[in-house]
Amino acid sequence: MLPTTNIRKIIHVDMDAFYASVEQMDNPELKGKPIAVGGGGKRGVISAASYEARKFGVKSAMSGTLAAKLCPDLIFVRHNFERYTEISKKIRKIFLEYTDLVEPLSLDEAYLDVTHNKKGNPSASLIAKEIRERIFNEIGLTASAGISINKFVAKVASDYNKPNGQKTVNPEEVIEFLEQLDIRKFYGVGKVTAEKMYQLGIFTGMDLKQKSIEYLEEHFGKSGSYHYYVVRGIHTSEVKPNRIRKSLAAERTFSENLSSEIFMLEKLEHIADEVSRRLTKSHVSGKTVTLKIKYSDFSLQTRSKTLPYFVSDKHLILDTAKDLLYQEKLKNSVRLLGISLSNLNTETKKEPEQKSVSVQLKFGF
C-alpha cells in the first residue's frame, strides 16, 4: 500500500476512436457502420478505425488492403485534420474550466492534474465523470478516462473500460492493480518488448516486480529502471501544460514503389512544402533535417544533417533533403519518404516554473 502523503490526483482522458467518431458524428449515414479513416488506395495506411470495424480486427497503422480483406464492408473515409483540430480545441476548452494543468498528448488525449482544481471538487472521479458527460452533451462524442495517483497508472486505467467508461485506481489499490496487470497493458511496453519479457518469464506485473533493477537494466537498457519503478507505482513525471515540441515532420506513402531519384525529388518537394507550412503555422524552425526512407521490403533508413542555423524555408529544407537523398546509393525501391525538422528553436525557450502539488488526502479519490 502506498502512503497517502504527496499524492496527486491525475486524470487521463482518451477520446473513443476519435477520428472515426468525428466522421460518424458529421455524417449520420456512417453511424453504426465499420469505417476507417485513411487507408484508401493500394498503399494507404489506416489512421483510425471505428469500433464496428475493430470487431473485424481492423486497427490503426494497418494497411488498407489487409483491412478490406478482414472487413469486406469497410468504408474508407479521407482525413479531415482541420475538423479534428477544431473539435480537439473545444474539448480542451472544457478541460481548462477544471484546471490549468492540462497536458495534451495528441488531438484526442490529455492528462489533467486536478489535485487543486477550479471547481473545488475533492473527487477526481466525479470530475472525470462530469467532464465526460459534458463532452458528450456539448460536442456529441464519447470519452474514456483513467483516474489515479500518477500519469502512468491513469493512462493504463483509461483503457480499462473503453469505450465510454472510466476506472479509478485509488492509492491503496495501485500496487495490487499493477501486480495483476498483463504486461502487455503496461504503457511503454510495445510488442517487441512484450515478446522479450515473455521469453524471460515475465507475464504480469507481479512477475516484473520479482526482477531486480540490475536485471532489468541488463536486459532492457535505460528503460529497465523505468519498468522497475512503475510496477511499484512510482512515476514522478508532472503534468506539464507547456510541452515543448521536439520535432515536426511530414511523410508520404506512394501508390507505386519508386526506384528513380528523379521521381523522388518531385515527391520530396511536396513533403518539404508541407513541413515548411507546418513550421510557419507553429512559429518554429529547426537546425536538424532528417530524411526518412522506407524501402519496398519495409526496412527503414534515416539520414540526418544539422545546419549551423535555424531553417523553416521550403527551399532550404528541400536542398538539404536532396543532399541526404544523394548521400549514398539507395538499397532498394522506395515506398515511403519523409522529412522531419528537429533541434527546434523551441528547445531554447524555458518552460514556466511550476510548483509541484502534493496534499494529504482528506477526501475520497
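Rules used in this analysis
- Residues numbered from 1 in each chain as written.
- Predicted model: local features only at pLDDT ≥ 70, side-chain atom pairs only at ≥ 80, totals over all residues.
- Heavy atoms only, no water.
- Helix = DSSP H or I, 4+ residues; strand = E, 2+ residues; numbered from the N terminus.
- Rg over C-alpha atoms; globule rule 2.2 N^0.38 Å.
- Buried < 20%, exposed > 50% of the residue type's maximum accessible area, 1.4 Å probe, protein only.
- Contact = heavy atoms within 4.5 Å.
- Areas by Shrake-Rupley, 256 points an atom, 1.4 Å probe, with all protein chains shown as cover.
- Lys, Arg positive; Asp, Glu negative; His and termini not counted.
- Charge placed at Lys NZ, Arg CZ, Asp CG, Glu CD.
- 1 Å grid on protein atoms, 1.4 Å probe; cavity = no way out; pocket = protein on both sides within 12 Å on 5 of 7 lines; lining within 4 Å.
- Points joined across faces, edges and corners; volume = space filled by probe spheres on them.
- Pairing = 2+ DSSP bridges.
- Axes fitted to C-alpha atoms, helices over the stretch in contact; angles between N-to-C directions.
- Core = buried A, V, L, I, M, F, W, Y, C linked by side-chain atoms within 4.5 Å.
- Right-handed = clockwise from strand over helix to strand, strands pointing away.
- Expected span 1.5 Å × (residues − 1).
- Arc of directions from axis to C-beta.
- Patch = residues over 30% accessible without salt bridge, like charges linked within 9 Å, V, L, I, M, F, W, Y side chains within 5 Å.
- Salt bridge = Lys/Arg side-chain N within 4 Å of Asp/Glu carboxyl O.
- Parallel < 35°, antiparallel > 145°, perpendicular 65-115°, else oblique.
- Left-handed = near helix turned anticlockwise from the far one by under 90°.
- Nonpolar A, V, L, I, M, F, W, Y, C, P; charged D, E, K, R; others polar.

Novice: How do you make sense of the overall build of the chain when you look at a structure like this?
Specialist: Along the chain, the regular secondary structure elements total 13 helices and 12 strands. On C-alpha atoms alone, the chain measures out to a radius of gyration of 23 Å, which is about the 21 Å that the 2.2 N^0.38 rule sets for 365 residues. Its C-alpha atoms give the chain principal-axis dimensions of about 65 × 55 × 45 Å. Considering the chain as a whole, with its 365 residues, one finds that 46% of them fall into the buried category. Relative to all contacts within the chain whose residues are 6 or more apart in sequence, the contacts with residues 24 or more apart total 65%. If you sum the accessible surface of the chain, you get close to 19,100 Å²; carbon and sulfur atoms cover 49% of it. Side-chain charges of the chain comprise 56 positive and 45 negative groups, with the mean position of each set lying 1 Å from the other.

Novice: Would you mind showing me how to read empty space enclosed by the protein here?
Specialist: Gaps left between atoms are located by rolling a probe of water-molecule size over the structure's atoms. Under the defined criterion, the tally for this structure stands at 2 cavities of 30 Å³ or more. Considering only enclosed or pocket space, the largest cavity measures out at about 70 Å³ in volume. Taken together, V13, M15, S88, I91, R92, F95, P104, S106, L107, D108, E109 and A110 form the lining of the largest cavity. Of all the elements in the fold, those that place two or more residues in the lining of the largest cavity are β1 (10-15), α4 (81-95), β5 (102-106) and β6 (109-113). Looking at the lining of the largest cavity element by element, the count peaks at 4 residues for α4.

Novice: Whenever I open this one, the sheet that holds strand β3 (residues 46-49) confuses me. Can you help?
Specialist: Adjacent strands of a sheet pair through backbone hydrogen bonds, lying either parallel or antiparallel. Here we have 3 strands laid out as an open sheet, ordered β3-β2-β4, and mixed in their pairing. Each having just a single partner strand, β3 and β4 (75-77) make up the two edges of the open sheet. Between one strand axis and the next, the sheet turns by 30° as a mean value, whatever way the strands run. In this structure, strand β2 (residues 35-38) lies alongside β3, joined through 3 bridges in antiparallel fashion. Residue pairing in the sheet places A36 in a bridge with A49 of β3. In this fold helix α1 (residues 18-26) packs onto β2, β3 and β4, with an angle of close to 110° to the strand it touches most, β2.

Novice: Is there a simple way to explain the nonpolar core in this structure?
Specialist: A general trend in soluble globular proteins is that nonpolar side chains are found buried together. Residues I11, F18, F95, I135, L141 and F186 are the most contacted members of the largest nonpolar core, which totals 59 residues. With near-sequence residues (within four places) excluded, I11 lies in contact with A110, Y111, L112, V114, A124, I127, A128, A145, G146, I147 and A154. A250, L268, L291 and I293 belong to the second largest nonpolar core, which has 29 residues in total.

Novice: Please explain the pairing of strand β7 (residues 143-148) as it appears in this structure.
Specialist: Along a regular strand, successive side chains alternate from one face of the sheet to the other. Summarising burial for β7: 6 of the 6 residues are buried, a large majority. Side-chain alternation along β7 places A143, A145 and I147 on one buried face and S144, G146 and S148 on a second face that is also buried. In this structure, β1 lies alongside β7, joined through 6 bridges in antiparallel fashion. Directly across from V13, in β7, lies its bridge partner A145. Looking at chain direction, β7 and strand β8 (residues 166-168) are connected through 3 bridges and run parallel. In the strand pairing of β8, G146 is matched with K167. Each parallel crossover has a hand, and for β7 linked through helix α6 (residues 151-158) to β8 it is left-handed.

Novice: Help me out: how do you make sense of the layout of surface pockets in this one?
Specialist: If you add up the space inside the second largest pocket, you get close to 300 Å³. Contributing to the lining of the second largest pocket are 15 residues, with S21, Q24, Y51, E52 and T142 lying nearest its centre. For the lining of the second largest pocket, the elements supplying multiple residues, two or more each, are α1 and α2 (51-54). Residue contributions to the lining of the second largest pocket peak at 4 residues, all from α1.

Novice: Please clarify how helix α13 (residues 314-325) should be interpreted in this entry.
Specialist: Look at α13: 16 Å from first C-alpha to last across 12 residues, which is about the 16 Å you get at 1.5 Å a residue. All of the buried residues along α13 are K314, I317, L318, T320, A321, L324 and L325. The buried residues of α13 occupy an angular sector of 165° when the element is viewed end-on, so they sit on one face. Buried residues in α13 make contact with α12 (261-282), β10 (286-295), β11 (300-311) and β12 (334-344).

Novice: What is the right way to read a nonpolar patch on the surface from this model?
Specialist: A cluster of nonpolar residues, F56, L66 and L70, forms a patch on the protein surface that exposes about 260 Å² of accessible area. Accessibility expressed as a relative area gives 34% for L70, which makes it partly exposed.

Novice: How should I be thinking about the packing of α12 against α13 in this particular structure?
Specialist: Helix packing geometry: the angle between the two helix axes and the distance between the axes. The geometry of α12 relative to α13 is characterised by a closest axis approach of 9 Å and an angle of 140° between their N-to-C directions. It follows that α12 is oblique to α13 by the angle criterion. Judged by the sense of rotation from one axis to the other, the crossing of α12 with α13 is right-handed. Two secondary-structure elements touch here, α12 through E261, M264, L265, L268, E269, A272, D273, V275, S276 and L279 and α13 through K314, I317, L318, A321, K322 and L325. When the residues that make up the contact of α12 with α13 are grouped by side-chain class, the tally is 10 nonpolar, 1 polar and 5 charged.

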